[in-house]
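Each chain is listed here by its residues.
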Amino acid sequence: MLDFLPKDALNPPFRGKVIYTEVIGFLDDYGFERVDKYIKKVREAHFKKIKIRNCYLCRYHAKGEYEDPIFCKTYRKQCDSNVASECDRYRAFGSMAECEEAERKNDEFDRKHSRITFDSF
Ligand code: SF4
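Only a predicted model underlies this, so the values are computations on that prediction, with no experimental measurement involved.

**Q** Describe the overall build of the protein chain, with residues and values.
**A** Per the secondary structure count, the protein chain includes three helices and three strands. Taken from N to C terminus, the helices and strands of the protein chain fall in the order α-α-β-β-β-α. Every one of the 121 residues in the protein chain was classed for burial, and the buried ones make up 23%. Counted over contacts in the protein chain with a minimum sequence separation of 6, partners at least 24 positions apart contribute 50%. Entry remark: accessible area of the protein chain is about 9500 Å², with carbon and sulfur atoms responsible for 55%.

What follows is the structure, given as structure tokens:
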């Protein structure tokens, strides 16, 4: 999964290698809004039966940190979400409800175990 300008999808090195594109417009924000939109689009594509693999679709993902946004519960390390493309333990969610339930549990875990507070900055 990549994000790039539409004109770049037609040019090397992407020509013939991109199986699915969607124009989502421009985002002002490079933080949480951008990540949330990316996760939403990955899941929508998956449940439209587009053959993609991404850690945000995997039952074993939890939240990592900004540079490595995935914490893999099975490998117990942080990574980017594209690692799923070659992961032998990848297990995709079966429904959007399963995704949402996993997200809720991940958020709950973060709230209980987060060591970062606003006073820390
Ligand atoms: S098991 Fe593989 S695909 Fe699943 S979260 Fe971990 S690294 Fe990603």
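**Q** Please provide a residue-by-residue account of the site of the ligand, values included.
**A** Near the ligand you find Cys-55, Cys-58, Tyr-60, His-61, Cys-72, Thr-74, Val-83, Ala-84, Cys-87, Arg-89 and Tyr-90, and these make up its full shell. Of the residues that constitute the shell around the ligand, the class distribution is eight nonpolar, two polar and one charged.

**Q** Please set out the nonpolar core residue by residue, giving values where relevant.
**A** Among the nonpolar cores identified, the biggest contains 13 residues, and Ile-52, Cys-55, Leu-57, Ile-70 and Tyr-90 are the most heavily contacted of them. No other element matches the three residues that helix α2 (residues 32-47) contributes to this core. In contact with Cys-55, other than residues within four places in its own chain, are His-61, Ile-70, Cys-79, Asp-80, Ser-81, Val-83 and Ala-84.

**Q** I'd like to hear about the packing of α2 against helix α3 (residues 96-113), residue by residue, with values.
**A** In a pair of packed helices, the angle between the axes and the distance between the axes together describe the arrangement. The N-to-C vectors of α2 and α3 enclose an angle of 150°; their axes lie 11 Å apart at closest approach. In this view, α2 runs roughly antiparallel relative to α3, as classed from their interaxial angle. In this structure, α2 meets α3 at a crossing whose hand is right-handed. Contacts from Arg-43, Glu-44 and Phe-47 in α2 reach Met-96, Cys-99 and Glu-103 in α3. In terms of residue class, the contact of α2 with α3 is made up of three nonpolar, no polar and three charged.

**Q** Explain the sheet that holds strand β2 (residues 70-72) to me, and be specific about the residues and the numbers.
**A** The sheet built from three strands is open, its strands ordered β1-β2-β3 with antiparallel pairing. Every other strand in the sheet has two partners, leaving β1 (61-63) and β3 (77-79) as the edge strands with one partner each. Taken pair by pair, the neighbouring strands of this sheet meet at an average axis angle of 40°, ignoring direction.

**Q** Could you give an account of unusual backbone geometry, with specific residues and numbers?
**A** The phi dihedral of Lys-49 is positive, around 70°, even though this residue is not glycine. Structurally, Lys-49 can be placed in the loop between α2 and β1. A residue is classified by how much of its surface remains accessible, and Lys-49, at 73% relative accessible area, is exposed. Positive phi, close to 55°, is recorded for Arg-76, a residue that is not glycine. For Arg-76, the location among the structural elements is in the loop between β2 and β3.

**Q** Tell me what's going on with the side chain of Glu-103, and back it up with residues and numbers.
**A** With respect to the helices, strands and loops of the structure, Glu-103 is situated in helix α3. A polar contact of 2.8 Å, which involves the side chain of Glu-103, links it to the side chain of Arg-43. If we ignore the near neighbours within four places in the chain, the residues touching Glu-103 are Arg-43, His-61 and Lys-63.

Criteria and cut-off values
- Residues numbered from 1 in each chain as written.
- Predicted model: local features only at pLDDT ≥ 70, side-chain atom pairs only at ≥ 80, totals over all residues.
- Heavy atoms only, no water.
- Helix = DSSP H or I, 4+ residues; strand = E, 2+ residues; numbered from the N terminus.
- Buried < 20%, exposed > 50% of the residue type's maximum accessible area, 1.4 Å probe, protein only.
- Contact = heavy atoms within 4.5 Å.
- Areas by Shrake-Rupley, 256 points an atom, 1.4 Å probe, with all protein chains shown as cover.
- Near = heavy atom within 4 Å.
- Nonpolar A, V, L, I, M, F, W, Y, C, P; charged D, E, K, R; others polar.
- Core = buried A, V, L, I, M, F, W, Y, C linked by side-chain atoms within 4.5 Å.
- Axes fitted to C-alpha atoms, helices over the stretch in contact; angles between N-to-C directions.
- Parallel < 35°, antiparallel > 145°, perpendicular 65-115°, else oblique.
- Left-handed = near helix turned anticlockwise from the far one by under 90°.
- Pairing = 2+ DSSP bridges.
- Polar contact = N/O pair within 3.5 Å; in protein donor to acceptor, adjacent residues only side chain to side chain.

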